[in-house]
2 protein chains.
Amino acid sequence: MAENNRRITIKEIAKKAGVSIATVSRALNDRPGISLETKERIQRIITRSGYRPSMFARNMRSQQSKMIGVIVSNAANDFFKDVTRAIQDQATKYDFTVLIINSDEDPVKERQAIKILRNYDVSGFIIASTDETIDYPSLVGNTPTVFFDRAPKSEIAQFDTVLVNNEFGAKLAVEELIRQGASKVGIVVSGVQTSGQERLKGYKQALKEYQLPINDKLIYTSDVQQLKAMDYVRDLLVNQKCDALFAGDNTLLMVVLEEIKLLNRTDIKVATFDNITWFNYFKQPVISVKQPTTTIGHETVDALINRMKNPQLPPKVRRLSVQLIRRS
Amino acid sequence: MAENNRRITIKEIAKKAGVSIATVSRALNDRPGISLETKERIQRIITRSGYRPSMFARNMRSQQSKMIGVIVSNAANDFFKDVTRAIQDQATKYDFTVLIINSDEDPVKERQAIKILRNYDVSGFIIASTDETIDYPSLVGNTPTVFFDRAPKSEIAQFDTVLVNNEFGAKLAVEELIRQGASKVGIVVSGVQTSGQERLKGYKQALKEYQLPINDKLIYTSDVQQLKAMDYVRDLLVNQKCDALFAGDNTLLMVVLEEIKLLNRTDIKVATFDNITWFNYFKQPVISVKQPTTTIGHETVDALINRMKNPQLPPKVRRLSVQLIRRS
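In this convention, every chain numbers its residues from 1, walking through the sequence in written order. Note on labels: chains are lettered from A, ligands numbered from 1, in written order. Only residues with pLDDT of 70 or above have their local features reported here, since the model is predicted, and side-chain atom pairs are shown and tallied only from 80 upward, although totals for entire chains, interfaces and linings are computed over all residues. Values reported for side chains reflect all heavy atoms of the structure, with hydrogen atoms and water molecules removed beforehand.

The numbering of helices and of strands both runs from the N terminus, where a helix is a DSSP run of H or I of at least 4 residues and a strand a run of E of at least 2. Of the regular secondary structure elements, chain A holds 12 helices and 12 strands. We call two residues in contact when some of their heavy atoms are within 4.5 Å. For chain A, contacts bridging at least 24 residues in sequence account for 66% of all contacts bridging at least 6. Note on areas: Shrake-Rupley with a 1.4 Å probe; residue coverage comes only from the protein chains shown. Surface accessibility of chain A: about 14,700 Å² in total, with carbon and sulfur atoms responsible for 49%.

What follows deals with the pattern of salt bridges. All names here are of chain B. Criterion for a salt bridge: a side-chain nitrogen of Lys or Arg within 4 Å of a carboxyl oxygen of Asp or Glu. Counting across every chain of the model gives 32 salt bridges over all chains. A salt bridge links R307 to D160; the nearest nitrogen and oxygen atoms lie 2.6 Å apart. On the criterion of sequence distance, the pair formed by R307 in helix α12 (residues 293-309) and D160 in strand β5 (residues 160-164) is long-range, its members being 147 residues apart. A 1.4 Å probe rolled over the protein chains alone gives each residue an accessible area, and that area as a share of the maximum for its type sets the label: buried under 20%, exposed over 50%, partly exposed in between. Taking the relative accessible area as the measure of exposure, R307 reaches 10% and is therefore buried. The partner of E209 in a salt bridge is K171, with the nearest N and O atoms 3.9 Å apart.

The next thing to look at is the sheet that holds strand β10 (residues 286-290) of chain A. All names here are of chain A. A pair of strands is considered paired only if DSSP assigns at least 2 bridges between the two. Read from one edge of the open sheet, 6 strands run β7-β6-β8-β9-β10-β12, paired in mixed fashion. The open sheet has two free edges, formed respectively by β7 (219-222) and β12 (323-325), since each of these has just one partner strand. Neighbour to neighbour, the strand axes of the sheet diverge by 15 degrees on average, direction disregarded. Pairing of β10 with β12 involves 3 bridges; the strand directions are antiparallel. Its bridge partner being in β12, V289 is matched across the sheet by L324. Note on geometry: axes are lines fitted to C-alpha atoms, helical ones only across the stretch in contact, with angles between N-to-C directions running from 0 to 180 degrees. The sheet strands contacting helix α8 (residues 166-179) are β6 (185-190), β8 (244-247), β9 (269-273), β10 and β12, and the helix crosses β9 at an angle near 170 degrees. On the sheet, helix α10 (residues 229-239) packs against β6, β7 and β8 and is oriented at approximately 170 degrees with respect to β7.

Right, let's get into unusual backbone geometry. Residues and elements named next belong to chain B. In this model, N264 sits at a positive phi of 55 degrees, which is unusual for a non-glycine residue. Relative to the assigned elements, N264 resides in the loop between α11 (250-262) and β9 (269-273). Residue classification places N264 among the exposed residues on the basis of a relative accessible area of 66%. For D274, which is not glycine, the phi dihedral falls at a positive 85 degrees. Structurally, D274 is set in the loop between β9 and β10 (286-290).

All right, on to the side chain of T293 of chain B then. All names here are of chain B. As for its position among the elements, T293 is in helix α12. Residue T293 is classed as buried on the basis of its relative accessible area of 15%. Discounting chain neighbours no more than four positions away, the residues touching T293 are F79, D82, V83 and A86.

All names here are of chain A. With respect to burial, β6 is a largely interior element, 6 of its 6 residues being buried. Across the two faces of β6 the burial is the same, with V185, I187 and V189 and G186, V188 and S190 all buried. Pairing analysis gives 4 bridges linking β6 to β8, with the strands arranged parallel. Residue pairing in the sheet places G186 in a bridge with L245 of β8. As paired elements, β6 and β7 share 4 bridges and run parallel to each other. Residue I187 lies in a different strand from β7, and its bridge partner there is I219. One crossover worth recording links β6 to the parallel β7 by way of helix α9 (residues 195-209), and it is right-handed. Orient the strands so they point away from the viewer; a crossover is then right-handed if the path from the first strand over the helix to the second runs clockwise.

Glancing now at the packing of aromatic side chains. Put simply, two rings from Phe, Tyr or Trp (the six-membered ring, in Trp's case) pair if the centres are within 6.5 Å, and we call them stacked under 30 degrees between planes, edge-to-face over 60, tilted for the rest. Per the stated rule, a full pass over the model turns up 24 aromatic pairs over all chains. Members of the aromatic cluster, connected to one another through ring pairs, are W278, F279, Y281 and F282 of chain A together with W278, F279, Y281 and F282 of chain B. When the ring centre of F96 of chain B is taken as reference, the NZ or CZ atom of K66 of chain B above it lies at 4.4 Å. Criterion for a charge above a ring: Arg CZ or Lys NZ at most 6 Å from the ring centre, at most 35 degrees from the ring normal. Over the ring of F273 of chain B we find R199 of chain B, and its NZ or CZ is 3.8 Å from the ring centre.

Residue and element names in this part refer to chain A. Each residue after the first adds 1.5 Å to the expected span of a helix. Along its 17 residues, helix α12 (residues 293-309) runs 25 Å from first to last C-alpha, staying within 8% of the 24 Å computed at 1.5 Å per residue. Of the residues making up α12, those classed as buried are T293, I296, G297, T300, V301, A303, L304, I305 and R307. Buried positions along α12 lie against β1 (67-72), α5 (78-93), β3 (124-127), β4 (145-148), β5 (160-164) and β11 (317-320).

Okay, the domain arrangement of chain A next. Domain parsing of chain A yields domain 1 (10-53), domain 2 (67-164 + 293-320) and domain 3 (166-290). Per the annotation, domain bounds derive from an automatic or database assignment of domains. Computed over C-alpha atoms, the centres of domain 1 of chain A and domain 2 of chain A are 40 Å apart.

Here we take up the packing of helix α5 (residues 78-93) of chain B against α12 of chain B. Residues and elements named next belong to chain B. With their axes 7 Å apart at the nearest point, α5 and α12 run at an angle of 45 degrees to one another. Taken together, the axes of α5 and α12 lie oblique to each other. For the crossing formed where α5 meets α12, the hand is right-handed. Together, F79, D82, V83, A86, I87, Q90, A91 and K93 of α5 and T293, T294, I296, G297, H298, T300, V301 and D302 of α12 make up the contact between the two elements. We call Asp, Glu, Lys and Arg charged. Ala, Val, Leu, Ile, Met, Phe, Trp, Tyr, Cys and Pro are nonpolar, and the rest, Gly among them, are polar. Its residues assigned to classes, the contact of α5 with α12 shows 7 nonpolar, 6 polar and 3 charged. Working rule for angles: under 35 degrees goes down as roughly parallel, over 145 as roughly antiparallel, 65 to 115 as roughly perpendicular, anything else as oblique. When the near helix sits turned anticlockwise from the far one by under a right angle, the crossing is termed left-handed; a clockwise turn instead gives a right-handed crossing.

Another point: the sheet that holds strand β12 (residues 323-325) of chain B. Residue and element names in this part refer to chain B. The sheet built from 6 strands is open, its strands ordered β7-β6-β8-β9-β10-β12 with mixed pairing. A single partner strand is all that each edge strand has here, and the edge strands are β7 (219-222) and β12. Adjacent strand axes in the sheet meet at a mean angle of 15 degrees when their direction is disregarded. Each of β6 (185-190), β8 (244-247), β9, β10 and β12 touches helix α8 (residues 166-179); the most contacted strand, β9, lies at about 170 degrees to it. Packing against the sheet, helix α9 (residues 195-209) makes contact with β6, β7 and β9, and its axis sits at approximately 165 degrees to β6.

A few words on the environment of N166 of chain A. Residues and elements named next belong to chain A. Here N166 lies in helix α8. Accessibility expressed as a relative area gives 2% for N166, which makes it buried. Each C-alpha atom, one on N166 and one on T194, is 8.2 Å from the other, the two residues being 28 residues apart in sequence. Ignoring sequence-local partners within four residues, the contact set of N166 consists of T194, S195, E198, R199, F273 and R319.

In structure tokens:
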């Protein structure tokens with residue numbers, strides 16, 4: 001480890017190299033007017049000293065940190081893992097590094113994360129919002145920002161947003177359950193804005209389409225901590241005697257599968273939003289709505305880069321298609 | 001959005017508020033000698049202007065950014081997702097925010113990530129190394145650093161490190177395969193240092209223990225991109241006629257399960273390192289070695305905090321216990 005905690009100054013480098021401060025500065029900034037030998041001597045001193053030109057100082061010069069701050073709302077959700085991965089792949093193409101902070105479904109943490117990343121002068125934000133009522137315009141300021149999965153309230157502000165057809169996807173999945181013979185379909189869905197609410201609409205549309213009654217007892221909205229999700233699923237299976245369940249996302253599917261296993265049931269049809277590779281190997285067949293996680297990641301980065309180049313363009317909301325994966 | 005891209009200066013704030021620069025400075029630094037009314041007026045101007053005291057400037061004062069930089073080597077690996085989650089939970093207790101960068105199994109990206117995070121003056125690093133030969137001492141300097149999952153070469157430097165009993169865990173899993181009746185156990189394991197190599201040793205020990213021959217044709221070491229992993233698994237199943245397979249981690253298990261499904265085989269016994277909740281719902285029973293991901297996350301943070309407080313203590317390598325999960 002380095003012997004010494006403080007940073008070496010340019011002055012000290014100049015003294016050690018036996019040159020002027022101006023010469024060190026020329027070497028650091030790769031300017032002419034300095035011999036290769038001197039430059040190499042200075043480089044050796046710098047390397048040994050652990051001197052790092054401050055990122056802040058460099059940003060002051062270039063006004064560009066080449067850094068994208070990504071704030072995801074739930075680190076335990078495989079959907080965000082997949083999208084984050086795609087964001088990184090795409091950001092690399094534009095020579096951006098991705099800094100990730102998880103807000104853990106906590107608006108306080110999300111606001112703090114935005115402040116931290118702004119202080120670090122990130123070039124842009126990609127955010128999965130935890131609370132649609134957050135005052136994003138004042139928080140992100142004029143840092144280009146793109147939302148995905150969950151949009152801020154349009155009354156608050158318009159931002160570039162990448163969403164999927166939640167309503168249509170949920171409708172497709174529930175219709176497939178009915179086509180496979182289900183007559184009493186329960187739903188457990190997340191209470192968050194956009195995704196959760198839209199998926200619930202799709203569920204209701206499918207029932208209407210097949211002229212099945214919409215029964216409030218079969219509809220459960222789960223809090224983000226999912227404290228009661230197991231109770232909800234058990235009620236749907238045991239008391240409400242559902243013959244099929246629709247889980248609003250992969251984290252709720254996990255609860256559904258656990259209850260089905262605990263109750264040792266083999267007669268339940270299951271569908272979910274999200275599609276994880278592991279689903280291919282389940283004993284219980286799971287109909288799933290595959291979100292285009294790679295495209296979502298790529299589009300958020302593309303939208304962000306576009307926004308950086310053209311700040312005056314009107315914000316755009318993109319709705320990407322989902323794909324039904326049938327399993328039986 | 002803010003109307004104006006550049007930052008307001010203290011001078012401009014002072015002018016707008018009709019006070020001296022010294023007064024603005026007192027307000028910003030929460031010092032006495034300023035009326036509440038003036039302070040609130042300055043605060044309003046600052047809020048409206050979007051002025052943010054630079055994180056860098058604040059670090060210069062406090063020498064503490066309260067930020068931990070986490071560099072994980074593979075964003076697609078569920079093990080890292082679980083450990084990262086635990087790191088965040090524990091860091092929150094100490095009032096640290098966690099910044100995550102994925103190095104994507106690329107030592108070049110890992111080195112770049114360390115440089116970026118050092119420029120951001122993080123208080124410490126938690127790293128899953130992509131290359132044991134990286135010159136960490138010169139890269140991290142005197143920033144407290146803890147490694148997990150994979151350790152740097154001890155000849156290069158000693159760092160606090162949190163590992164698990166890879167060898168023992170792999171031995172337990174392979175022994176369980178043999179106890180369940182397997183006589184020809186193939187292995188596909190990652191080529192990375194520490195985890196991969198130690199798990200291979202455990203596999204060999206189990207075979208020795210049960211007096212089974214160690215056959216090089218049954219041992220495949222996969223590159224990190226897993227380009228050939230499918231070919232390896234197919235060879236083990238089709239040509240080598242293995243009746244059991246041991247996957248070195250959850251990403252390799254995915255390849256094993258895919259091949260078993262494609263070949264429509266129901267006669268193969270499978271074991272793996274790592275234990276993901278989804279494993280409970282598989283058609284193909286999977287014996288798994290559960291790493292204590294929560295404890296790993298907590299211990300890395302504890303070790304880092306301890307290192308910050310006591311920089312002179314000798315580095316410590318912790319080996320945590322794993323747990324065999326039998327499924328059949």
